[in-house]
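Residue-level listing of the chains:
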Amino acid sequence: MPVLPKFASWCRNVFSQQRIDADLDEEVRSFAGLLADEKMQNGTSPDNARRQAILEMDGMENVKEQVRDARTGSLFTGWMQDLRYALRMFKKNPGFSIAAIVALALGIGANTAIFSVVNSVLLRPLPYSDPDNLVVILHGENNPVAPANYLDWRSQNHVFSDMGAAEFWTPNLADEDRPEHLFALKMTPSMFPVLGVQPLLGRTFTAGEDTEGRDREVVLSYRIWQRRYAGDPA
């Protein structure tokens, strides 16, 4: 069906529903009457003829429902009927309706949050090279590792291909724009090779740049580079 005639049919079905339903009732009754007349001509009594005609049509209401389901715009009409029913139930018992809505919202929100965590932690691989072989080592299961321990572990390591350390850092960025408090990491030069991450521009840290007096280099995140420096490669 072309677009414009289909849209016109949809508008008629949605906004002239009462008239269309009345026409449908008349058509169904007329067809049932024709069937009954045909049976009465074959000698069937009027009551039995009408009953048999309705049975052959599988019930008048079933026929009308089938026509409504096939009609353009019936889906929208069904939504409107469901909405009206929901509003009537809400008006009749608002306390129960609000409790049900809150329970559904909490359930949907909790499931969404759980799926987001499971998807990011368990299902989606880490955005690093060879993520299945990355291991996080903590002291006493959840405590940070002392720098001396890290140095001993790295010098005596015979298990991992390499090791790196990182520490949470909150510097202040003060340039020509307004000062800004950032969330960042201090890390050893080996951390980028361990993660298999390459810079988009420039370089990462070199050996010795994590020692006192030589720790003046930073690697900008893509977001900071775009937001604060408009992606300027200089």
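Since this is a predicted model, take the numbers as computed values, not measurements.

Q: It is not clear to me how the overall build of the chain should be interpreted in this structure. Could you clarify?
A: Looking only at helices and strands, one finds nine helices and four strands in the chain. Looking at the chain residue by residue over its 234 residues, the buried ones come to 19%. For the chain, the proportion of contacts with a sequence separation of at least 24, taken over those separated by at least 6, is 39%. Summed over all atoms, the accessible surface of the chain reaches about 18,400 Å², with 59% contributed by carbon and sulfur.

Q: Please clarify how the packing of aromatic side chains should be interpreted in this entry.
A: The geometry of an aromatic ring pair is captured by the separation of the ring centres together with the interplanar angle, meaning the angle of the planes. This model, assessed by the stated rule, comprises three aromatic pairs. Note on Phe168 and Phe183: the rings are 6.1 Å apart at their centroids and 25 degrees apart in plane angle, and the pair reads as stacked. Of this pair, Phe168 sits in strand 1 (residues 166-169) while Phe183 is found in the loop between strand 3 (180-181) and strand 4 (184-187), placing the two residues 15 residues apart along the sequence. A relative accessible area of 64% means that Phe183 is categorised as exposed. Taking 5.9 Å as the distance between ring centres and 55 degrees as the angle between the ring planes, the aromatic pair formed by Phe192 and Phe205 counts as tilted. Here Phe192 is found in helix 8 (residues 191-195), whereas its partner Phe205 is found in the loop between helix 8 and helix 9 (222-229), with 13 residues between them in sequence.

Q: How should the side chain of Glu209 be read in this particular structure?
A: Of note, Glu209 is situated in the loop between helix 8 and helix 9. Overall, Glu209 belongs to the buried group, its relative accessible area being 12%. Within polar-contact distance, the side chain of Glu209 engages the side chain of Arg203 at 2.9 Å. Engagement of the side chain of Glu209 in a polar contact is seen with the backbone nitrogen of Thr206, the distance being 3.0 Å. Those residues in contact with Glu209, other than ones at most four positions away along the chain, are Pro189, Arg203, Arg214, Asp215 and Glu217.

Cut-offs and rules
Residues numbered from 1 in each chain as written. Predicted model: local features only at pLDDT ≥ 70, side-chain atom pairs only at ≥ 80, totals over all residues. Heavy atoms only, no water. Helix = DSSP H or I, 4+ residues; strand = E, 2+ residues; numbered from the N terminus. Buried < 20%, exposed > 50% of the residue type's maximum accessible area, 1.4 Å probe, protein only. Contact = heavy atoms within 4.5 Å. Areas by Shrake-Rupley, 256 points an atom, 1.4 Å probe, with all protein chains shown as cover. Phe/Tyr/Trp six-rings, centres within 6.5 Å; stacked < 30°, edge-to-face > 60°. Polar contact = N/O pair within 3.5 Å; in protein donor to acceptor, adjacent residues only side chain to side chain.

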